[in-house]
Amino acid sequence: MEDTTVKLLGTKGSPFSHRAEVALRLKDVKFEFLHEDLAHKSDMLLRHNPIHKKVPVLVHGEKSIAESLIVIEYVDEAFEGYNILPSDPYERAMARFWARFIDDKVIPAFWMSCWTDGEIQKGFIAQSKETLTTLQRQLEGKKFFGGDSIGLVDLAGCMIAFWFAVLQEVAGINLLNEEDYPVLCRWAEDYCSVRAVSESLPDKSFLVAHFASKKEKMFATKAPLLSTKAGRPLPPPLKSNG
Amino acid sequence: MASEKGVTLLDFWVSPFGQRARIALAEKGVQYEYKEQNLVEKSDLLLKSNPVYKKIPVLIHDGKPVCESLVIVQYIDEVWSDKSPLLPSDPYQKAQARFWADYVDKKVFDCGTRLWKLKGEEQEAAKKEMIEILQLLEAQLGDNKYFGGDTFGYVDVAFIPFNNWFYSYETCGNFSIEAVAPKLVKWAKRCMERESVAKTLYDPNKVYEFVCYLKKKFGVE
């Protein structure tokens, strides 16, 4: 008989793991969460994601699926129930576009704002503000990016909803605040209140300690560790808007 | 934007990303209006249709713009689903196709750009990386006719436009792709036999001319 067990290889600290976990919970899928120690990656992780060697990896029977946004779409298609993506092709295209925008622009700019200083930091902060403003506009008139209930873009934005507050606390910056981004902050609270989400969030103090230890390491080596979509560090922002 | 019926593609002739959209539209037999864009002086239409990135390609369908080449290809596949499916119907096969198209997206263009733009050690590093990328993709292709298996599919569409940049990468990097990934070269020849691909891709020499123009523009010898 075909093996249909579901395992999620991930870490509690990773927003990308969180995305996959929420997707599974939204679909009411029974799964086993296997915690990875990213400093000592398991044979299972290396076997199921030999290309990128990263979390999350979904193992469904004999099948392995990697890359969090791809995992979400797989879960949406392979399991019945809750619709994570809309059914209309244009709405699906919009959802995919904004999920990628979060990964390609919002997250890297914010991340670099946290771990740089001086003029370079100012540039990233300006970039970050622009991307957050652009993203916030997508929430106009809606409770969630997905409409009345959370969808692909909300899951993609989980790092903004929960992790950004932790990161900026550790980094000592104040980018995402209620005064400048009231709609985004309200969305963040609503997103974190959804049961499937709250059950998948890490403990805040654990996260603060985790990033605080990372901060020392990064400033010591002067090399912000960044895993962007392109898999390489972002160059400092150009002075002019290219 | 006026709700005009029909399909328009805002594009730039040599862009491999634009070519993905063109190939997908051709595979589906979709009639559309091609609008070549000036990327130095961007048109109002481009800026209005893609305010976030201000880039091509942009597919405008009945007045509604879709941006980002792989998002566009998936949209084309889902709207014109009655003909030549590009993505498999099985969720796992679909996930695999998305993974490999994403891999091509993350790796090929950036590495290729570094290959022609940089010199010395950095160029050597880019060349080494490109060989690794191509060999990995070749391993993934295996003995299949296409990345999609027996049928031309999503990953083939995502990757084939870069084939006509291979000559530029080889010339700038001083290496032979046939020597390091012969199966990939055979795959590319098979793809080029398809009308959708042959009519879309430009001669490698023309692409190389463009690369030389870029090198001059960026002050690379």
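The rules we used
- Residues numbered from 1 in each chain as written.
- Chains lettered and ligands numbered in written order.
- Predicted model: local features only at pLDDT ≥ 70, side-chain atom pairs only at ≥ 80, totals over all residues.
- Heavy atoms only, no water.
- Buried < 20%, exposed > 50% of the residue type's maximum accessible area, 1.4 Å probe, protein only.
- Helix = DSSP H or I, 4+ residues; strand = E, 2+ residues; numbered from the N terminus.
- Pairing = 2+ DSSP bridges.
- Salt bridge = Lys/Arg side-chain N within 4 Å of Asp/Glu carboxyl O.
- Contact = heavy atoms within 4.5 Å.
- Buried area = accessible area lost by both parts, 1.4 Å probe.
- Polar contact = N/O pair within 3.5 Å; in protein donor to acceptor, adjacent residues only side chain to side chain.
- Nonpolar A, V, L, I, M, F, W, Y, C, P; charged D, E, K, R; others polar.
- UniProt positions renumbered as here; feature names shortened; annotations may be inferred.

### Quick look at the pairing of strand β1 (residues 7–11) of chain B
Residues and elements named next belong to chain B.
Reasoning step 1: Among the 5 residues in β1, 5 count as buried, and that is most of the element.
Reasoning step 2: The two faces of β1 match: Val7, Leu9 and Asp11 on one face and Thr8 and Leu10 on the other face are all buried.
Reasoning step 3: With 4 bridges connecting them, β1 and strand β3 (residues 58–61) associate as antiparallel partners. The partner of leucine 10 across the bridge, within β3, is valine 58.
Reasoning step 4: As paired elements, β1 and strand β2 (residues 33–36) share 4 bridges and run parallel to each other.

### Side note on the pattern of salt bridges
Reasoning step 1: According to the stated counting rule, one finds 28 salt bridges over all chains in the structure shown.
Reasoning step 2: Salt bridges sharing common partners tie together Glu73, Glu77, Arg92 and Arg96 of chain A together with Glu78 and Arg98 of chain B.

### Things to note about the interface of chain A and chain B
Reasoning step 1: Chain A puts 29 residues into the contact, and the matching count from chain B is 27 residues.
Reasoning step 2: Taken together, the two surfaces of chain A and chain B that pack against each other cover about 2,600 Å², and 63% of this comes from carbon and sulfur.
Reasoning step 3: Counting the contacts that link chain A with chain B gives 7 salt bridges.
Reasoning step 4: Arginine 92 of chain A is paired through a salt bridge with glutamate 78 of chain B; the nearest N and O atoms lie 2.9 Å apart.
Reasoning step 5: In this assembly, chain A and chain B are joined by 8 residue pairs in polar contact (both at pLDDT 80 or more).
Reasoning step 6: Where the side of chain A that touches chain B is concerned, the elements lending two or more residues are β4 (63–66), α3 (68–78) and α4 (89–115) of chain A.
Reasoning step 7: Classifying every residue of the side of chain A that touches chain B gives 14 nonpolar, 4 polar and 11 charged.

### Here we look at the UniProt feature "domain: GST C-terminal" (unreviewed entry) in chain A
Reasoning step 1: UniProt's feature table lists "domain: GST C-terminal" (unreviewed entry) at residues 88–211 of chain A, given in the numbering used throughout.
Reasoning step 2: Helix makes up 73% of residues 88–211 of chain A and strand 0%, with an end-to-end C-alpha separation of 39 Å.

### Describing unusual backbone geometry
Reasoning step 1: Of note, the amide linkage connecting valine 55 of chain A to proline 56 of chain A takes the cis form, showing an omega dihedral of 0 degrees.
Reasoning step 2: Note on placement: proline 56 of chain A falls in the loop between α2 (43–48) and β3 (57–60).
Reasoning step 3: With an omega of 0 degrees, the peptide bond between isoleucine 56 of chain B and proline 57 of chain B qualifies as cis.
Reasoning step 4: Mapped onto the elements, proline 57 of chain B comes out in the loop between α2 (44–49) and β3.
Reasoning step 5: For aspartate 28 of chain A, which is not a glycine, the phi torsion comes out positive at approximately 60 degrees.
Reasoning step 6: You can see aspartate 28 of chain A is positioned in the loop between α1 (15–26) and β2 (32–35).
Reasoning step 7: Among the residues examined, aspartate 28 of chain A registers a relative accessible area of 71% and is labelled exposed.
Reasoning step 8: Located in the positive-phi region is glutamate 67 of chain A, a residue other than glycine, with phi close to 80 degrees.
Reasoning step 9: Mapped onto the fold, glutamate 67 of chain A is located in the loop between β4 and α3.

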